[in-house]
Amino acid sequence: MNIERKTTKMVLTGIFSAIIIVMASIPFLGFIPLGVINVTILQVPVIIGAILLGPKYGAFLGFMFGLCSFLNATLRPSSLSAFVFTPFLSNGNLLSLIVCFVPRILIGVTSYYSYKWVKGHFDKKNREKDKKARRAGESKALLIAGVVGSMTNTLLVMNFIFLFFTDTYAQVMGVTGGAASLYWFILGIIGINGVPEAIASALITAAVLKVLLHIRPAHA
């Protein structure tokens, strides 16, 4: 990677990091509190940045997402489950840092590689076809990457919560009936919150990157 390209990527990483911080800082923009859990669209700039800049920069942007989650949960907790993201609240512990950071870092990895894999599949399939067919394949790859990145966050966060905080989370959420009942409750959150988040991520990612990718091509 030459110095100019590296500098450009660093500048863009700074811009995306600033977007994440601003979204996380403005109430009801990055995190939308619903009492039980916060609905978020902060994964979107992580996904977009990862596809534009590559998985290493995407992982860093995911770390920034996790850092914002950690600071919000610590300094201004707005949901009953805030303790799963910080060890500095009652019921939280060091495992909260895994819940907070690991899924968010992996957003930048899974979204990038899912985009590259799906796009490569459609590029190969549409090699002999016209530009419109190739653009359609790229759009499908962007939609899938948006879903994959968002669901990486949702599925890992909720399953880590179940793994690390089974009893505490059940008590705080008022879920009785043991681990099985809690997991059905978690599946409900994934369905009610996670699926709409994934759809929104897919649509926004595809809309933004259909423009940005043709202004400046993505680099691995």
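Presented here is a report on the structure given in the accompanying data block.

Let us look at the overall build of the protein. Looking only at helices and strands, the protein features seven helices and two strands. Start at the N end of the protein and walk to the C end: the helices and strands fall as α-β-β-α-α-α-α-α-α. Here the C-alpha radius of gyration of the protein, 18 Å, is about what a compact globule of 220 residues would show, namely 17 Å. Oriented by its inertia axes, the alpha-carbon framework of the protein measures out at about 60 × 35 × 25 Å. Looking at the 220 residues of the protein, the share that counts as buried comes to 45%. Partitioning the intrachain contacts of the protein with sequence separation of at least 6 by distance along the chain shows that 71% fall at a separation of at least 24. As presented, the protein carries roughly 10900 Å² of accessible surface, and 70% of it is formed by carbon and sulfur atoms. Here the protein holds 19 positive side-chain charges and 7 negative ones, and the gap between their average locations is 5 Å.

Our next topic: the packing of helix α2 (residues 43-53) against helix α7 (residues 178-212). One can describe the packing of α2 onto α7 by two numbers: an axis separation of 9 Å at closest approach and a directional angle of 40°. Put simply, α2 runs oblique to α7. Between α2 and α7 lies a crossing of right-handed hand. Side by side, α2 and α7 meet where Gln-43, Val-44, Ile-47, Ile-48, Ile-51 and Leu-52 of the first sit next to Glu-197, Ser-201, Ile-204, Thr-205, Val-208, Leu-209 and Leu-212 of the second. By residue class, the composition of the contact of α2 with α7 is nine nonpolar, three polar and one charged.

This part covers the packing of helix α6 (residues 166-173) against α7. It is the contact of α6 with α7, at a shortest axis distance of 10 Å, that shows an interaxial angle of 70°. Between α6 and α7, the angle falls in the class roughly perpendicular. In this structure, α6 crosses over α7, and the sense of that crossing is left-handed. Across the interface between the two elements, Thr-166, Tyr-169, Ala-170 and Met-173 from α6 touch Ala-179, Leu-182, Phe-185, Ile-186 and Ile-189 from α7.

Of all hydrophobic cores here, the largest spans 27 residues; its most connected members are Ile-20, Ile-51, Leu-52, Tyr-115, Leu-142, Leu-209 and Leu-213. Going through the elements one at a time, α1 (3-25), α2, α3 (55-75), α4 (95-125), α5 (131-164) and α7 are the ones with two or more residues in this core. When residues in this core are grouped by element, the largest group, seven residues, is from α2. If we skip the residues at most four places from it in the chain, Ile-20 touches Leu-42, Pro-45, Val-46, Leu-61, Met-64, Phe-65 and Cys-68. Val-84, Phe-85, Ile-161 and Ala-198 belong to the second-largest nonpolar core, a separate cluster that totals 24 residues.

As a further point, take unusual backbone geometry. Positive phi, normally seen in glycine, also occurs at Asn-91, with a value near 85°. Tracing the sequence through the fold places Asn-91 in the loop between α3 and α4.

Reading guide: rules and limits
Residues numbered from 1 in each chain as written. Predicted model: local features only at pLDDT ≥ 70, side-chain atom pairs only at ≥ 80, totals over all residues. Heavy atoms only, no water. Helix = DSSP H or I, 4+ residues; strand = E, 2+ residues; numbered from the N terminus. Rg over C-alpha atoms; globule rule 2.2 N^0.38 Å. Buried < 20%, exposed > 50% of the residue type's maximum accessible area, 1.4 Å probe, protein only. Contact = heavy atoms within 4.5 Å. Areas by Shrake-Rupley, 256 points an atom, 1.4 Å probe, with all protein chains shown as cover. Lys, Arg positive; Asp, Glu negative; His and termini not counted. Charge placed at Lys NZ, Arg CZ, Asp CG, Glu CD. Axes fitted to C-alpha atoms, helices over the stretch in contact; angles between N-to-C directions. Parallel < 35°, antiparallel > 145°, perpendicular 65-115°, else oblique. Left-handed = near helix turned anticlockwise from the far one by under 90°. Nonpolar A, V, L, I, M, F, W, Y, C, P; charged D, E, K, R; others polar. Core = buried A, V, L, I, M, F, W, Y, C linked by side-chain atoms within 4.5 Å.

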